[in-house]
Amino acid sequence: MKILVTGGLGFIGSHTVVELQEAGHQVVIIDNCSNASESVLDGIESITGIRPDFEHIDLREKGAVDDFFNRYPEVHGVIHFAASKAVGESVEKPLLYYENNIGTLVYLLQQLVARGGSSFIFSSSCTVYGQADHMPITEDAPIKPAESPYGNTKQIGEEIIRDTCRVEPGLQAISLRYFNPIGSHPSAEIGELPLGVPANLVPFITQTAAGLRTQLSVFGDDYPTPDGTCIRDYIHVVDLARAHVVALERLLKGRSKSNYEVFNVGTGKGSSVLEVIRSFERVSGKKLNYRIVGRREGDVVEAYADTTRANGELGWKAASSLDDAMRSAWDWEKKVRGL
């Protein structure tokens, strides 16, 4: 049995491949390298001693998806990461996000259903909650109108999976609603290395400290939070990767309560943008050059998880602190830049 990891050369995908292989699973990766490099395979192999199978495929090409499953009939589990994920870009290019995030999901599910079902883990997001009414956010919180096309694609994606599971009992699926993954593998062999200008906070912080960016922009300091900056639940990427392994094994071993489940994956603690900056300065010993600018369209004020369900039913819990994650992110950046 093999596990397919789409987007497996990306930030979260590559760390999940490592955890899958270290748990004894065979892995095949699909990635179109639009925001990743094949060199990530070297990092995975360096950590685990195993080089996963790799297929350079664009999942927007339905024929290529069909051909893949014809060539890999032994795939019985799928973890689906391949998607565009920048909130700001999604506001500017909504059609790109709807094509890349919705069409690819449909093509994958069509193949799984045609083969009688499979175990499917969907990379979802806390953005499905919009600006939640209460903190921390539980899985039963109302799904609000999305704040961005990116968030909307995650809402629609969950609806597609739910509707399909309702009529296809052979399809066993879990949506993991991530909060904010940061950090890197402690070996510094893999990490977050976006192509072009980073869309996420932490790689922009580390690239600014490394001299690649002249200054970090903090989008707004007039939010109704203790220091005026947005609050998020920042989770170490290795903790998040391990959650995928636990969720997949729940399906493979028939432990799920229904054929579609949803879990929040976070630390249960919110940190502001300025707190993240202070954490970085604390673990790196470097003073960061940043400035406050206007708010960014699509940002919610605060979002952090109630992780009770994941802790209890999955038996999973985040183990690393914010400082741990920031330290690992900086170690990775220093290695990449030769600092």
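Scroll up to find the structure this text is about.
All of these numbers come straight from a predicted model, not from anything done at the bench. (Residues numbered from 1 in each chain as written. Predicted model: local features only at pLDDT ≥ 70, side-chain atom pairs only at ≥ 80, totals over all residues. Heavy atoms only, no water.)

Some details on the overall build of the chain
To keep it simple, the criterion reads: Numbering of helices and strands starts at the N terminus; helices are DSSP runs of H or I of at least 4 residues and strands are runs of E of at least 2. Taken over C-alpha atoms, the radius of gyration is set against a globule rule of 2.2 Å times the number of residues to the power 0.38. Only protein chains enter the accessibility calculation, which uses a 1.4 Å probe; a residue is then buried when its area is under 20% of its type maximum, exposed when over 50%, and partly exposed in between. Residue contacts follow a heavy-atom distance rule, with two residues in contact if any of their heavy atoms lie within 4.5 Å. A 1.4 Å probe and the Shrake-Rupley method give the accessible areas. Residues count as covered only by the protein chains that appear here. Within this scheme the basic residues Lys and Arg register as positive and the acidic residues Asp and Glu register as negative, but His and the chain ends are omitted. Just so you know, the charge point we use is NZ for Lys, CZ for Arg, CG for Asp and CD for Glu.
In terms of regular secondary structure, the chain is built from 11 helices and 14 strands. Taken over the C-alpha trace, the chain has a radius of gyration of 19 Å; the compact-globule value for 339 residues is 20 Å, and the two agree within 12%. Viewed in the frame of its principal axes, the chain has a C-alpha envelope of about 55 × 45 × 40 Å. Burial analysis of the chain (339 residues in total) assigns 55% to the buried set. When contacts within the chain are restricted to residue pairs at least 6 apart in sequence, those whose partners lie at least 24 apart make up 79%. Total accessible area computed for the chain in this model is approximately 13900 Å², and 48% of it derives from carbon and sulfur atoms. Here the chain contributes 34 positively and 44 negatively charged side chains, and the mean placements of these two sets differ by 3 Å.

Some points on the pattern of salt bridges
Filter applied, for reference: By salt bridge we mean one thing: a side-chain nitrogen of Lys or Arg within 4 Å of a carboxyl oxygen of Asp or Glu.
On inspection of all chains with the given rule, the structure shows 27 salt bridges. Of the charged contacts, one joins R242 and E19 as a salt bridge, the two residues approaching to 3.3 Å between their closest N and O atoms. Placement of the pair is R242 in helix α8 (residues 237-252) and E19 in helix α1 (residues 11-22), with a sequence separation of 223 residues. Here R242 falls in the partly exposed class, since its relative accessible area comes to 41%. Here E19 falls in the buried class, since its relative accessible area comes to 10%. D331 is the partner of K334 in a salt bridge, and the nearest nitrogen-oxygen pair spans 3.7 Å. Of this pair, K334 and D331 both sit in helix α11 (residues 322-337), separated by three residues, roughly a single helical turn. The class of D331 is partly exposed, set by a relative accessible area of 33%.

Quick word on the nonpolar core
Using the following cut-off: Only buried Ala, Val, Leu, Ile, Met, Phe, Trp, Tyr and Cys residues count toward a nonpolar core, and they belong to the same one when joined by side-chain atoms within 4.5 Å.
Among the nonpolar cores identified, the biggest contains 38 residues, and L9, L20, I29, I121 and L176 are the most heavily contacted of them. Secondary structure elements with two or more residues in this core: β1 (2-6), α1, β2 (26-31), α2 (40-48), β6 (172-178), α8, β11 (260-265) and α10 (308-314). When residues of this core are assigned to their parent elements, the largest contribution, eight residues, is made by α8. Of all hydrophobic cores here, the second largest spans 25 residues; its members include L201, V273, V276 and W330.

Describing the pairing of β6
The line we're drawing: Pairing between strands is defined by DSSP: at least two bridges between them are needed. Here the term right-handed applies to a crossover when the path leading from its first strand over the helix to its second strand runs clockwise, the strands being oriented away from the viewer.
Extensive coverage of β6 is indicated by the burial of six of its seven residues. Sheet analysis places strand β5 (residues 119-125) next to β6, joined by seven bridges and oriented parallel. By the bridge assignment for β6, F120 is matched with A173. Between the parallel pair β5 and β6, the chain is carried across by helix α6 (residues 149-167), and the sense of this crossover is right-handed. In the sheet, β6 pairs with β11 via six bridges, with the strands oriented parallel. Bridged to L176 within β11 is F263.

What about the packing of aromatic side chains?
For any two aromatic rings, the description comes down to two numbers: the centre-to-centre distance and the angle of the planes. To keep things clear, this is the line we draw: The criterion for an aromatic pair is that two Phe, Tyr or Trp rings (for Trp, the six-membered ring) have centres within 6.5 Å, with stacked assigned to planes under 30 degrees apart, edge-to-face to planes over 60 apart and tilted to the rest. For a ring to carry a charge above it, either NZ of a lysine or CZ of an arginine must fall within 6 Å of the ring centroid while also lying within 35 degrees of the normal to the ring plane.
Within the structure shown, the criterion is met by three aromatic pairs. A centroid spacing of 5.2 Å and a plane angle of 90° characterise the contact between F68 and F69, whose relative ring orientation is edge-to-face. A single burial state applies to F68 and to F69, both of which are buried. Taking 5.3 Å as the distance between ring centres and 85° as the angle between the ring planes, the aromatic pair formed by F280 and W330 counts as edge-to-face. Of this pair, F280 sits in helix α9 (residues 273-284) while W330 sits in helix α11, and the two are 50 residues apart along the sequence. Of the two residues, F280 and W330, neither departs from the other in class, the shared state being buried. Pairwise contacts between aromatic rings join F68, F69 and Y72 into one cluster. A cation sits over an aromatic face here: R295 above Y223, 3.9 Å from the ring centre.

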